[in-house]
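Now for the letters of each chain:
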Amino acid sequence: MSTLITNIGELVTNAADDSGPAPVSRAAGPATGFAARPDAAMVIDGGLVAWTGPAAAAPAADDMVDCAGRAVLPGFVDSHSHLVFAGERSAEFAARMAGADYRAGGIRSTVNATRRAPDELLRTNAARLAQEMLGQGTTTFECKSGYGLTVADERRSLLAAETVTAEVTYLGAHVVPDEFAADPAGYVDLVCGAMLAACAPHARWVDVFCERGAFGADEARAVLAAGRAEGLIPRVHANQLGPGPGVQVAIEAAAASADHCTHLSDADVDALAGGGTVATLLPGVEFSTRQPYPDARRLLDAGVTVALATDCNPGSCFTSSMPWCIALAVREMHMSTQEAVWAATAGGARALLRADVGHLGPGARADFTVLDAPSHSYLAYRPGVPLVAAVWRDGVRVRGPGSAADGGHG
Ligand code: NIG
Ligand code: FE
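Residues numbered from 1 in each chain as written. Chains lettered and ligands numbered in written order. Predicted model: local features only at pLDDT ≥ 70, side-chain atom pairs only at ≥ 80, totals over all residues. Heavy atoms only, no water.

(A) Structural context of the site of ligand 1. Close to ligand 1 lie 15 residues, the nearest being Arg89, Tyr102, Tyr147, Asp311 and Ser316. Side-chain polar atom of Gln240 to a nitrogen atom of ligand 1: 2.7 Å apart, as the coordinates give it. Separating an oxygen atom of ligand 1 from a side-chain N or O atom of Asp311 is a distance of 2.6 Å. About the coverage of ligand 1: the protein hides 100% of its 330 Å² of free accessible area. Here the shell around ligand 1 is composed, by residue class, of four nonpolar, nine polar and two charged. (Near = heavy atom within 4 Å. Polar contact = N/O pair within 3.5 Å; in protein donor to acceptor, adjacent residues only side chain to side chain. Areas by Shrake-Rupley, 256 points an atom, 1.4 Å probe, with all protein chains shown as cover. Nonpolar A, V, L, I, M, F, W, Y, C, P; charged D, E, K, R; others polar.)

(B) Inspection of the coordination of the iron ion (ligand 2) at higher detail. Around the iron ion (ligand 2), the protein contributes the donor atoms His80 (NE2), His82 (NE2), His237 (NE2) and Asp311 (OD), at 2.0 to 2.4 Å from the metal centre. Donor residues binding the iron ion (ligand 2) come from one chain and are separated in sequence as H-x1-H-x154-H-x73-D. Of the two residues, His80 is situated in the loop between strand 7 (76-78) and helix 1 (90-97) and His237 in strand 11 (residues 233-238); the sequence distance between them amounts to 157 residues. Considered together, His80 and His237 belong to a single accessibility category, that of buried residues. (Donors = N, O, S within 2.8 Å, 3.2 Å for Na, K, Ca; no water. Helix = DSSP H or I, 4+ residues; strand = E, 2+ residues; numbered from the N terminus. Buried < 20%, exposed > 50% of the residue type's maximum accessible area, 1.4 Å probe, protein only.)

(C) A look at helix 4 (residues 151-162). With twelve residues, helix 4 extends 17 Å from end C-alpha to end C-alpha; this agrees with the ideal 16 Å at 1.5 Å per step. Regarding helix 4, the residues found buried are Asp153, Glu154, Arg156, Ser157, Leu158, Ala160 and Ala161. Of the surrounding secondary structure, the elements contacted by the buried residues of helix 4 are helix 2 (107-116), helix 3 (119-135), strand 8 (138-144), strand 9 (167-173) and helix 6 (194-199). (Expected span 1.5 Å × (residues − 1). Contact = heavy atoms within 4.5 Å.)

(D) Region of interest: the pattern of salt bridges. Following the criterion strictly, the structure yields 22 salt bridges and no others. For Arg221, the salt bridge identified is with Glu252, shortest N-O distance 2.7 Å. Taken together, the residues span a long stretch of sequence, with Arg221 in helix 7 (residues 217-229) and Glu252 in helix 8 (residues 246-252) at a distance of 31 residues. Notably, a salt bridge pairs Asp367 with Arg365, separated by 4.0 Å at the nearest N-O pair. The exposure class of Asp367 is buried, given its relative accessible area of 6%. Residues joined in a network through salt bridges with shared partners are Glu167, Arg204, Arg354, Asp356, Arg365, Asp367 and Asp394. (Salt bridge = Lys/Arg side-chain N within 4 Å of Asp/Glu carboxyl O.)

(E) Here's a closer look at the domain arrangement of the chain. Partitioning the chain into domains gives domain 1 (3-75 + 359-406) and domain 2 (77-351). Each partner contributes to the interface: domain 1 provides 28 residues, whereas domain 2 provides 23 residues. Overall, the association of domain 1 and domain 2 removes approximately 2,000 Å² of surface from exposure, summing both partners, and the carbon and sulfur fraction of that is 65%. In this assembly, domain 1 and domain 2 are joined by four residue pairs in polar contact (both at pLDDT 80 or more). For the side of domain 1 that touches domain 2, the elements supplying multiple residues, two or more each, are strand 2 (25-26), strand 6 (71-74), helix 14 (378-381), strand 16 (388-393) and strand 17 (396-399). By residue number, the principal contributor to the side of domain 1 that touches domain 2 is strand 16, which donates four residues. (Domains from an automatic or database assignment. Buried area = accessible area lost by both parts, 1.4 Å probe.)

(F) Broad picture of the nonpolar core. Core analysis: the biggest nonpolar cluster contains 90 residues, and Tyr170, Leu272, Leu299, Leu308 and Met335 have the highest contact counts within it. At six residues, the largest contribution of residues to this core is made by helix 13 (residues 337-351). Residue-level mapping places this core at the junction of two domains, with at least three residues from each of domain 1 (3-75 + 359-406) and domain 2 (77-351). (Core = buried A, V, L, I, M, F, W, Y, C linked by side-chain atoms within 4.5 Å.)

(G) Region of interest: the sheet that holds strand 11. Across the sheet, which stays open at both edges, the eight strands sit in the order 7-8-9-10-11-12-13-14 with parallel pairing between neighbours. Both outer strands of the open sheet, strand 7 and strand 14 (306-308), are each paired with one neighbouring strand and no more. The mean inter-strand angle of the sheet, taken between neighbouring strand axes irrespective of direction, is 25 degrees. As paired elements, strand 9 and strand 10 (residues 205-210) share three bridges and run parallel to each other. Within strand 10, the residue paired with Thr169 across the bridge is Trp205. Strand contacts of helix 3: strand 7 and strand 8, with the helix running at about 145 degrees to strand 8, the strand carrying the most contacts. Each of strand 9, strand 10 and strand 11 touches helix 7; the most contacted strand, strand 10, lies at about 175 degrees to it. (Pairing = 2+ DSSP bridges. Axes fitted to C-alpha atoms, helices over the stretch in contact; angles between N-to-C directions.)

(H) How the structure looks around the confidence of the model for the chain. Across the chain, the average pLDDT comes to 95, with 96% of residues at or above 70. Mean pLDDT across the secondary structure elements of the chain bottoms out at strand 2, with 72, and peaks at strand 7, with 99. (pLDDT = per-residue confidence, 0-100.)

(I) Quick peek at the pairing of strand 10. In terms of burial, strand 10 is a largely internal element, six of the six residues being buried. Side-chain alternation along strand 10 places Trp205, Asp207 and Phe209 on one buried face and Val206, Val208 and Cys210 on a second face that is also buried. Inspection of the sheet shows strand 10 paired to strand 11 by six bridges, in the parallel sense. Residue pairing across strands places Phe209 opposite His237, the latter belonging to strand 11. Handedness of the crossover is the feature at issue here: the chain leaves strand 10, passes through helix 7, returns alongside strand 11, and the resulting connection is right-handed. (Right-handed = clockwise from strand over helix to strand, strands pointing away.)

In structure tokens form, the structure reads like this:
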């Protein structure tokens, strides 16, 4: 059954072509394919986008939804999150806001709580956060393990992640757990050996926290190579807390994404610009750890592909809100509203090697968000305001009037 979504005030397609004259609005920046048209319509059919173009030229369909001038955007693609955990660290956050530094070692307190938690609790915690994401317009997201750090606890973390998303990442190399403090090499062997064997069937990606206090360059290389040998695709936590080898390791490993990228050398920027690795920026982390923001302009102006994601986790950034990350990126990192929306949709899709999401060109998945606003720029112009009026995933309205979450009527 086809549905015509019409009277769209601004349709962000991020697509090179749609049906009709070229979209009027394209970003000027070097690294963004943002594209939008005013007074638009879209036909969806079988869970996919079938047609986009001027509302005046829209074809007939079986059903019709009138957006009354609201903006429609591709669903957000949050390419970095850690939703499988137990406990919380609000006291650590409060201490940071009072002047304490963020330390990678805080991860261990969540590890202790996660190891004690039953599977059911890990699943319900992850599901609650996934629903929170959906309500804010996120239709695709990645989710990591990394708070278990034993063979059994990493495996069951991935099993919980599998219940909320297909984009599952094995992060056994998040930090060296206390019981291996005297033998970090032994822990890397475990991550590359028995733990990987138990986890690889339940993941698409392998990640490593390459940072002082976590894992060095050689350890990170070993983890990524072992993961690759088991069919997992690398991504890296890189250059978050200080300069270091993370970005170079990511590029050597042909990682899909280097995430954080807060402290970069010129060589790091050049390498990102010259390679296929996306720089995923997580501005909620800098907000929540009171650190300087990554230099998004330097990356964009160098031609690097930039994604925005939440990094939703209990330690360094406990937000599930892509709209808030967009607002931060615009206000604090000097991204244009167009660049930020592209990075939060198509950029995230690139970071997950997904061609079917992040845009609304014909053939894309019909995953989109209707804003209670006439244009995408309201996401930064009205920060903190719940602007998501409806969310559609696979061509089905999952939030907003008429969705099951709203009682199924309307
Ligand atoms: O992406 N950097 C490493 N991992 C998380 C932090 C996790 C935590 O503090 O619990 C991050 O920021
Ligand atoms: Fe992270």
